Amino acid sequence: MASLVPCPHCGSRPKEEFTIKGAALARPAPDADPDSWFHYVYLRENPRGAYEEYWHHTAGCRRWLIVCRDTVTHQVNTSQDAAAAKGQAA
Amino acid sequence: MPDLRALPALADRTPLVSHGIRLSPLPEGTVLQMIVGPDAPDQTANVERLANESGLAARPLSPGQWLLIGDKPTRRADMKHLLAALEPQASGIDQSHGRVRMRLEGPMAVKVLAKGTAVDLNQRAFPPGRSVATLIGHIAAHLTRHDVEDFEIAVLRGLAEACWIDLAGMCEEFV
Ligand SMILES: [Zn+2]
């Protein structure tokens, strides 16, 4: 179940401690065409299976995470610090 | 000039005491939050040294963040020095007014806390000396385990009384 989310900093925590932002998408360049921005802001896939989302550990370490979960089984496959994943310091 | 008097958030709360459990307010001394900049190197050693020098305890809050906690208030001049001590690697923020601490201890402490938080309270997962940030009920709290049956809870000042009432309720069956 996705109700226990593994935080890379805090360990296993209930979903109540988190805020979900939604799909973890690559942000277009500032001067990208309006279509790219429209897709980025409004359009979402609704996949059956693996899905990457931004989760904020609001009541814990307050770090943004990228959580990959399966929308069918609710199994959380990976969870990593979003800044670390982008190559920035944690 | 109006006479402004600082009142402790849990001033009117007397400790809740029984054989199994004891819930008591802790003095509103010093709480200082230390935040490391995104590009700064690891400051763990520096933060711990600073805490040692100033008689405070450095407790991890999150990656690159600590609460420096002490029972006694820090003088204004000393605080000014503390806040700037690790600049530009890390910045301090005085939270002495903003966080209120209480203590929960006794053989039933783990049973009481387990009603409010989903943190694994097993000694191996959460050994004495460790701190975690979590929820107690709906209230975000910073939890430190001093000993196997001795916990310190720090919450935002405005939620201190609500947290006390919640904890008192959780203690009720052992009082
Ligand atoms: Zn966390």
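Predicted model, so just to flag it, every value in this text is computed and none were measured.

A. Structural context of the interface of chain B and chain A. The interface is formed by ten residues belonging to chain B together with ten residues belonging to chain A. Together, the buried faces of chain B and chain A total about 820 Å²; carbon and sulfur atoms form 59% of this surface. One can count zero salt bridges joining chain B with chain A. Of all the secondary structure elements, the ones that give two or more residues to the side of chain B that touches chain A are β4 (57-62) and β8 (131-136) of chain B. Per-element tally for the side of chain B that touches chain A: the top contributor is β8(B), with four residues.

B. Seen up close, the domain arrangement of chain B. Residue and element names in this part refer to chain B. The domain architecture assigned to chain B consists of domain 1 (16-27 + 98-174) and domain 2 (30-94). Each of domain 1 and domain 2 was reduced to a C-alpha centroid, and the two centroids are 24 Å apart. Taken residue by residue, the interface counts nine residues in domain 1 and eight residues in domain 2. Taken together, the connections running from domain 1 to domain 2 amount to two salt bridges. Taken together, domain 1 and domain 2 are joined by three residue pairs in polar contact (both at pLDDT 80 or more). Of all the secondary structure elements, the ones that give two or more residues to the side of domain 1 that touches domain 2 are β7 (99-105), β8 and β9 (139-147). Examining the composition of the side of domain 1 that touches domain 2, we find that three residues originate from one element, β9, more than from any other. Taken together, the residues that form the side of domain 1 that touches domain 2 break down as two nonpolar, four polar and three charged.

C. Molecular detail of the coordination of the zinc ion. Residue and element names in this part refer to chain A. Within the protein, C7 (SG), C10 (SG), H57 (ND1) and C61 (SG) serve as the donor atoms for the zinc ion, at 2.0 to 2.4 Å. Bound by four donor atoms, the zinc ion shows angles of 106 to 114° at the metal and therefore tetrahedral coordination geometry. Spacing between the donor residues of the zinc ion along their common chain follows C-x2-C-x46-H-x3-C. Look at H57 and you get buried, because its relative accessible area is 0%.

D. Up close: the pairing of β4(B). Residues and elements named next belong to chain B. By the bridge criterion, five bridges tie β4 to strand β5 (residues 65-70) in an arrangement that is antiparallel. Note that in β5 the partner of R59 across the bridge is L67. Between the end of β4 and the start of β5, which pair antiparallel, lie two residues, with G64 showing a positive phi angle near 75°.

Reading guide: rules and limits
- Residues numbered from 1 in each chain as written.
- Chains lettered and ligands numbered in written order.
- Predicted model: local features only at pLDDT ≥ 70, side-chain atom pairs only at ≥ 80, totals over all residues.
- Heavy atoms only, no water.
- Contact = heavy atoms within 4.5 Å.
- Buried area = accessible area lost by both parts, 1.4 Å probe.
- Salt bridge = Lys/Arg side-chain N within 4 Å of Asp/Glu carboxyl O.
- Helix = DSSP H or I, 4+ residues; strand = E, 2+ residues; numbered from the N terminus.
- Domains from an automatic or database assignment.
- Polar contact = N/O pair within 3.5 Å; in protein donor to acceptor, adjacent residues only side chain to side chain.
- Nonpolar A, V, L, I, M, F, W, Y, C, P; charged D, E, K, R; others polar.
- Donors = N, O, S within 2.8 Å, 3.2 Å for Na, K, Ca; no water.
- Tetrahedral: all angles 85-135°; square planar, octahedral: opposite > 155°, others 65-115°.
- Buried < 20%, exposed > 50% of the residue type's maximum accessible area, 1.4 Å probe, protein only.
- Pairing = 2+ DSSP bridges.

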